[in-house]
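# Examining the three-dimensional arrangement
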Amino acid sequence: MRVVQVVAAVITDKGRIFCAQRHRGGDAGAKWEFPGGKVEPGETEPQALQREIREELQLDIEVGRHIASVRHTYPDLTIDLHVYQARLLRPQTPTLTEHLAYAWKTLEELDDVDWADADREVYPVVRKSLSE
């Protein structure tokens, strides 16, 4: 089974965390995630994260510290998900090109999100990191 390197951003702003709802279809269809995408050859993880967020949400971010990594196996592939803290470079409104919806959630509201499987695995570490 192939292994894909994937990055995700925990974008925070004014005490809230950005979440994006995936399109329908596939194993993670219509579930929520910390947005991001695949790392392309020759990219660092932060470079890939900035590119993916710009492509999928038309947002410019600054990538901060690495929070956590997890390996998750879906029926058709395995991903290594690398999660980073991030912030908006300026006040911006997302433009959805790859997602159904987005929401800014408080830390307490994150517990009720229907996470995609890989994000659910890394969520406890993300939550702990955000509450410190």
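Residues numbered from 1 in each chain as written. Predicted model: local features only at pLDDT ≥ 70, side-chain atom pairs only at ≥ 80, totals over all residues. Heavy atoms only, no water.

### A word on the packing of aromatic side chains
Which entries qualify depends on this criterion: Only the six-membered ring of Trp is used, alongside the rings of Phe and Tyr, when aromatic pairs are assigned; centres must lie within 6.5 Å, and planes under 30 degrees apart are stacked while those over 60 apart are edge-to-face, with the rest tilted. The secondary structure listing takes helices from DSSP runs of H or I that are at least 4 residues long and strands from runs of E that are at least 2 residues long, numbered from the N terminus. Only protein chains enter the area calculation, which uses a 1.4 Å probe; residues under 20% of their type maximum are buried, those over 50% are exposed, and those in between are partly exposed.
Across all of its chains, the model carries four aromatic pairs by this definition. Measuring from ring centre to ring centre gives 5.4 Å for Phe18 and Tyr102, while their planes differ by 20°; the resulting arrangement is stacked. Of this pair, Phe18 sits in strand S2 (residues 16-22) while Tyr102 sits in strand S7 (residues 99-105), and the two are 84 residues apart along the sequence. Of the residues examined, Phe18 reaches a relative accessible area of 0% and is grouped as buried. For Tyr102, a relative accessible area of 32% translates into the label partly exposed.

### Let's talk about helix H2 (residues 117-131)
The test is simple: A helix's residues, less one, multiplied by 1.5 Å, set its expected span. Bend, at a single residue, is the angle you get between axes fitted to the 7 residues ending at that residue and the 7 residues starting at it. It only takes one pair of heavy atoms within 4.5 Å for two residues to be counted as in contact.
The terminal C-alpha atoms of H2, which comprises 15 residues, lie 22 Å apart, in line with the 21 Å expected from a rise of 1.5 Å per residue. At Tyr123, H2 shows its largest kink, close to 45°, and the proline Pro124 lies no more than four residues downstream. Residues Ala118, Asp119, Val122, Tyr123, Val126, Ser129 and Leu130 constitute the buried set of H2. Tucked inside the fold, the buried residues of H2 contact strand S1 (3-13), S2, strand S3 (32-33), strand S5 (61-73) and strand S6 (78-88).

### With respect to unusual backbone geometry
Even without being glycine, Lys14 reaches a positive phi, approximately 55°. For Lys14, the position within the fold is in the loop between S1 and S2.

### Things to note about helix H1 (residues 45-57)
The end-to-end C-alpha distance of H1 is 18 Å, a good match for the 18 Å that 13 residues give at a rise of 1.5 Å each. For H1, every residue scored as buried is listed here: Ala48, Leu49, Arg51, Glu52, Ile53, Glu56 and Leu57. On its buried face, H1 is in contact with S1, S2, strand S4 (36-38), S5, S6 and S7. Gln58 occupies a position one or two residues after H1 and carries a positive phi of about 55°.

### Things to note about the pairing of S1
Selection criterion: We call two strands paired when DSSP finds no fewer than two bridges between them.
Bridge count for S1 against S6 is ten bridges, and the pairing is parallel. The residue bridging Ala8 from the neighbouring strand is Val83, located in S6. The sheet contact formed by S1 and S4 spans three bridges and is antiparallel. In the strand pairing of S4, Ala8 is matched with Gly36. Count of turn residues in the S1/S2 antiparallel hairpin: two residues, of which Lys14 carries a positive phi of about 55°.

### As for the side chain of Asp119
Applicable threshold: None of His or the chain ends enter the tally, which takes Lys and Arg as positive and Asp and Glu as negative. One side-chain nitrogen of Lys or Arg within 4 Å of one carboxyl oxygen of Asp or Glu is enough to make a salt bridge. A 3.5 Å cut-off defines polar contacts: any pair of N or O atoms within that distance qualifies, except that in protein one atom must be a possible hydrogen donor and the other a possible acceptor, and neighbouring residues in sequence count only when both atoms are side-chain atoms.
Positionally, Asp119 belongs in helix H2. Of the buried charged residues, Asp119 lacks a salt bridge, with Arg22 as the closest side chain of opposite charge at 6.4 Å. For Asp119, the side chain forms a polar contact with the main-chain nitrogen of Phe34, separated by 2.9 Å. For Asp119, the contacting residues outside a window of four places in its chain are Trp32, Glu33, Phe34 and Leu81.

### Digging into the confidence of the model for the protein chain
Stated precisely, the cut-off is as follows: A residue's pLDDT is the confidence the predictor assigns to it, expressed on a 0 to 100 scale.
Chain-level pLDDT for the protein chain is 92 on average; 95% of the residues reach the 70-or-more range. Mean pLDDT in the protein chain bottoms out at H2, which sits at 89, and peaks at H1, which reaches 97.

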